[in-house]
Amino acid sequence: MELSISFTGDTSKYVQIYEELKQAILKKQLLAHEQLPSKRNLAKTLDVSVHTIKEAYEQLLAEGYIYSKERSGYFIAPFEFEWGQQQKQHISTAITSTTYNIKFDFNNGHVDKEAFPLSIWHKLLKKHFNVDNLTTSPWQGESILRTEIARYVERSRGVTCEASQVFVYSGTQNQLQALCHFFGQKSHVGLEEPGFKRVRATLQQCGLTTHAIPVDNLGVTIPKESIHMLYTTPAHQFPLGMVMPVERRAELLQWAISEKAYIIEDDYDSEFRYKGLPIPSLAKMDQLQRVIYFGTFSKTLIPSMRISYIILPKSLVEAFMLFNQEQKSVVSKIDQLVLADFIAQGFFDKHLAKMRTIYRKKQQALLAAINANFSKEFEVIGENSGLHIVMKLPKGLAEQEAIKLAEEAGIKVYPCSTSYQHGSKHANVIMGYGGLTLEQINEAIALLATVWQSYTTA
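Residues numbered from 1 in each chain as written. Predicted model: local features only at pLDDT ≥ 70, side-chain atom pairs only at ≥ 80, totals over all residues. Heavy atoms only, no water.

Asker: I keep staring at helix α14 (residues 399-408) and nothing clicks. Help me out?
Answerer: Quick reminder: α-helices carry 3.6 residues per turn. Residues three or four places apart thus point the same way. The set of residues buried in α14 consists of E399, A402, I403, L405, A406 and E407. Just beyond α14, the residue with positive phi is G410, at close to 85°. (Buried < 20%, exposed > 50% of the residue type's maximum accessible area, 1.4 Å probe, protein only. Helix = DSSP H or I, 4+ residues; strand = E, 2+ residues; numbered from the N terminus.)

Listed below in structure tokens is the structure:
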């Protein structure tokens, strides 16, 4: 057998020999059971040492590309796979999509980055970024942060709990996964219809059965199905934005008690309420008997921090601790310590007060701009709290068409239909305003009105 190998670059010669022989084998240029040259002959042909050839052959032998016979030499191993054909089968055509230059993004997950207290945060970060804090946190979170969270929810939401009931995670999906594993795949979970699509995806990925529980003008309705848990957003239903009244909350708690079910109360943006007095949380009314409380710092601080928390009923804490005893923390220890200090020193409450004023002004500007630029055919709902509104589109304008027209104008709005499990008859779009300036809101709405209004009246 004649083998011609060219050496290039700085890669070891034995590696280059190995790679070229491997490729020749895979491409069927060298056939099964064909004998390779002896180490001495190939070394002479390629002007390298016998040891170099030996290393290349031994690597091919270890990976099964060749086999050896005592006193006979090395041979090409037979393959049942058609390597070349397999590679061809996996060639796929690129998916082409139209991209637009987006100038205004109404993403409901965006916050006002300019208002974040960077200097204070940086000062606390320098304080805690030291050699003593380079280890990981306990899996349930730093004790000092859990204590501060317990104090915060008591003064802000009236939820009385101990630090032992608080567990720190890196986002709603992460903590929801932990609950799924704890309760097991046989659990049936009710979800608001419409509701958070990522929550639905997380539950289904974990193998739990989900049930769509309809939402009316008071929030999620009382489940008729036999379920173990109900996930709900009573402070500001996502995406439609209604605030659940006390009467419906009481009915849900009675249902949970009678069915021995749990309610997962996601208070994802309850800090931002613009009309009326705050309504007591389910966790406060129930005092954490049948309610599992979810909180997050993504809206109040910055999304990239990835710190959220669960507060469990005392009856579940011991079993949850035992189930997760081999877990590790999923949140940076330093970030936890900085956040705990930020809350303890009163910076968090001051920041919240400032952000409520900023977001109230932004929401007022958004509603005023919509009122000034759009006809009454375009209806706004869900404006009592939170960082987004929903705009109902007139009959002549479909949801996807509206989104496409907006993108062509450099504006990003988001579909409401993806929040439904079983489809929607209505054309609505979600518009978050937290990340836009007052000037951007006014400019974007005026521009959006020209493309949508002209389309509907054409």
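Asker: Honestly, the domain arrangement of the chain in this entry has me stumped. Any pointers?
Answerer: You can read the domains of the chain as domain 1 (13-76), domain 2 (104-111 + 354-457) and domain 3 (129-345). The gap between the C-alpha centroids of domain 1 and domain 2 is 66 Å. (Domains from an automatic or database assignment.)

Asker: For this particular structure, what's the right way to read the environment of E63?
Answerer: By the secondary structure assignment, E63 is in the loop between α3 (50-62) and β1 (66-69). In this structure E63 comes out as partly exposed when scored by relative accessible area, which is 37%. For E63 and K22, which are 41 residues apart along the polypeptide, the C-alpha to C-alpha distance reads 9.8 Å. Reaching out from E63, the side chain makes a polar contact with the side chain of Q59 at a distance of 2.6 Å. (Polar contact = N/O pair within 3.5 Å; in protein donor to acceptor, adjacent residues only side chain to side chain.)

Asker: Can you walk me through the packing of aromatic side chains in this structure?
Answerer: Where two aromatic rings form a pair, the distance of their centres and the angle of their planes describe that pair. Scanning the model with the defined rule gives 23 aromatic pairs in all. Considering the side-chain rings of F167 and F320, the 5.0 Å spacing of their centres and the 75° angle between planes classify their relative orientation as edge-to-face. Here the residue F167 occupies a position in strand β4 (residues 166-169), and F320 occupies one in helix α11 (residues 314-323), the gap between them amounting to 153 residues. Exposure remark for F167: the relative accessible area of 0% places this residue in the buried category. The exposure class of F320 is buried, given its relative accessible area of 0%. Measuring from ring centre to ring centre gives 6.1 Å for F374 and W452, while their planes differ by 55°; the resulting arrangement is tilted. Taken together, the residues span a long stretch of sequence, with F374 in the loop between α13 (347-373) and β12 (379-381) and W452 in helix α15 (residues 438-457) at a distance of 78 residues. By relative accessible area, which is 7% here, F374 ends up buried. Owing to a relative accessible area of 0%, W452 belongs among the buried residues under this scheme. An aromatic cluster is present here, built from F116, W121, Y152, F297, Y309, F342, F347 and F348 joined pairwise through their rings. It is K13 that lies over the ring of F7; its NZ or CZ is 5.3 Å from the centre. (Phe/Tyr/Trp six-rings, centres within 6.5 Å; stacked < 30°, edge-to-face > 60°. Lys NZ or Arg CZ within 6 Å of the ring centre and 35° of its normal.)

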